[in-house]
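Coordinate analysis (summary)
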Amino acid sequence: MEHVAQNPWVGLAYLISGVCFILALRGLSSPATSQRGNRFGMVGMLIAVVTTLVTHVPGALSSISAHGEICNQLYAEGGTQGSACKAITYNPAFVVDWITVAQIIAAIAIGAVIGVTTARKIKMTDMPQLVAAFHSLVGLAAVLVAVAAFMNPVAFGITDELGAIHGASRIEMILGVAIGAITFSGSVIAFLKLNGNMSGKPILLPARHIINIAMLLAIVFFTYGFYDSQSPVDFWIVVALSFVIGFLLIVPIGGADMPVVVSMLNSYSGWAAAAMGFTLHNTAMIITGALVGSSGAILSYIMCKAMNRSFISVIAGGFGAEASAGGGEAKEQRPWKRGSAEDAAYMMKQSDSVIIVPGYGMAVAQAQHVLREMADLLKKEGVSVKYAIHPVAGRMPGHMNVLLAEANVPYDEVFELEDINSEFAQTDVAFIIGANDVVNPAAKTDKSSPIYGMPVFDVDKAKTVFFIKRSMGGVGYAGVDNDVFYMDQTMMLLADAKKMVEDIVKALAH
């Protein structure tokens, strides 16, 4: 049997939707155009959803299924199918199953309420966890669609005359369920790590590489078995193994690599959606999934290069991590100097240039607005102020950029690591607020450190360093101590980041 001929207007609508998604990605590449990019994405998704709902009229699908069953029965009895069974076409009559329509509308309404409520209440500090949670839902949706298609393939139009699932559809289905299951369980672990429910340090299982390789080979083996025989046993084994391998791949990845994990899981969710797009014969899903998958993979690769990490090692689940890595607790009995808000205000006011390095601590304290106020006061005094953003600052790609944009920090004052790192040697003050691992010299000198090889800001070359953190007892997300705390030119400002910057603003105003 051939599939339903698609109305050309449907293809055009999906094409427009795809173009909107491409423009959305282009807009999201810069904070200056991110709002426009979001609008393009919203328009594209609205077009895709409305088109899908209009063209998949509840009631028509049951007619197709019944038609297909009749053709299969005729074929099994040895009769001729006739021209009527050569193609399936929709009845032009607009037949609506209002019960199904009500269920769809109810599901959309529930999802919309949850989405709007979450978007309004979520804190910027919790955005990485939210992204990980969204990825898990995409992965789970792919698994559920694949399971539904496997349980009732006739309804999805993926069977031949004998009722067997097409070979191509088997591949799409099993790939979708495998990638979706890996995305779901991996995203759940990422959420737990980001939310503090699990340790941010790598959890290294004995013989983890052998176990991972064995499970991946088993998934490949049973995937081929399902393709060859359509065996339910093979299908469910792939589902179970994929859920487990997703857990095993993310558990050994440490906090320093978590932004790459978020980006990587984003890519996985895209490929899972694309695979299910083929199963559902939905062009919009294929386009959207391919865009998300490819852009997420490219971003992950770029971030790995920025961190001097091996892309293959990260996606293989911390392949290069060693159990002995990590500095553990902060060092004790080392001399350090404590500064005050007045010290920081006076020295920055007398400076020619200040480079601000924000980190996750700034996000936790919600200090971005008062930080911009401090920068405005310094600029009025003739001080050059710039912001240095590390690719992995925060808990997700672009986390610091979003926070600074929220505080209306001018885009031309925000610089990436490779564009500003050479300027620290000439700057008067490096002002570090809530960052730690991204300014840790151990990344350049200590081969036993879990962050070794990661490019970091050369704040140790600045004439003066002001370092805001809550206490000397804490360490960064990677769990290692920082020699910058104890440098001669460093003054530690121990307090809540927002409170300290507020005090600096008051001192600058006098």
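Located above this text is the structure these notes cover.
A brief report on the enclosed structure follows. (Residues numbered from 1 in each chain as written. Predicted model: local features only at pLDDT ≥ 70, side-chain atom pairs only at ≥ 80, totals over all residues. Heavy atoms only, no water.)

1. Re the overall build of the chain
Scanning the chain for helices and strands turns up 18 helices and six strands. Buried positions account for 45% of the 510 residues belonging to the chain. Counting only contacts in the chain whose residues sit at least 6 apart along the sequence, the fraction spanning at least 24 positions is 79%. Surface accessibility of the chain: about 24,300 Å² in total, with carbon and sulfur atoms responsible for 64%. (Helix = DSSP H or I, 4+ residues; strand = E, 2+ residues; numbered from the N terminus. Buried < 20%, exposed > 50% of the residue type's maximum accessible area, 1.4 Å probe, protein only. Contact = heavy atoms within 4.5 Å. Areas by Shrake-Rupley, 256 points an atom, 1.4 Å probe, with all protein chains shown as cover.)

2. Comments concerning the sheet that holds strand 3 (residues 414-416)
If you trace the six strands from one edge of the open sheet to the other, you get 3-2-1-4-5-6, paired in parallel fashion. Two strands in the sheet have a free side with no partner beyond their single neighbour: strand 3 and strand 6 (490-494). This sheet shows a mean twist of 25 degrees between the axes of neighbouring strands, independent of strand direction. As judged from the four bridges shared by strand 1 (residues 353-358) and strand 2 (residues 384-389), these two strands associate in the parallel manner. Of the residues in strand 2, the one forming a bridge with Ile356 is Tyr387. Docked against the sheet, helix 14 (residues 368-380) engages strand 1, strand 2 and strand 4 (429-433), running at close to 145 degrees with respect to strand 2. In the packing of helix 15 (residues 399-406) onto the sheet, the strands contacted are strand 1, strand 2 and strand 3, and the crossing angle to strand 2 comes to about 145 degrees. (Pairing = 2+ DSSP bridges. Axes fitted to C-alpha atoms, helices over the stretch in contact; angles between N-to-C directions.)

3. Regarding a nonpolar patch on the surface
Side chains of Trp9, Leu12, Leu15, Ile16, Val19 and Leu23 sit close together on the surface and give an oily, nonpolar patch of about 580 Å² of accessible area. Here Leu15 shows up in helix 1 (residues 8-27). (Patch = residues over 30% accessible without salt bridge, like charges linked within 9 Å, V, L, I, M, F, W, Y side chains within 5 Å. Salt bridge = Lys/Arg side-chain N within 4 Å of Asp/Glu carboxyl O.)

4. Comments concerning the side chain of Gln368
By the element assignment, Gln368 lies in helix 14. The exposure class of Gln368 is buried, given its relative accessible area of 0%. Of note is the side chain of Gln368, whose polar atom sits 2.8 Å from the side chain of Glu406. Leaving out residues up to four positions away in the same chain, Gln368 has contacts with Met362, Leu403, Glu406 and Ala407. (Polar contact = N/O pair within 3.5 Å; in protein donor to acceptor, adjacent residues only side chain to side chain.)

5. Regarding the pattern of salt bridges
Per the counting criterion, the structure on display carries ten salt bridges. A salt bridge links Asp376 to Arg372, with the nearest nitrogen and oxygen atoms 3.3 Å apart. Note that Asp376 and Arg372 are positioned in helix 14 at a spacing of four residues, about one turn of the helix. Owing to a relative accessible area of 28%, Asp376 belongs among the partly exposed residues under this scheme. The shortest N-O distance in the salt bridge between Lys444 and Asp460 comes to 3.9 Å. Residue Lys444 is found in helix 17 (residues 442-445), and its partner Asp460 is found in the loop between helix 17 and strand 5 (464-469); the two are separated by 16 residues along the sequence. You can call Lys444 partly exposed: its relative accessible area is 39%. One connected set of salt bridges, linked through shared partners, spans Arg372, Asp376, Lys379 and Glu413.

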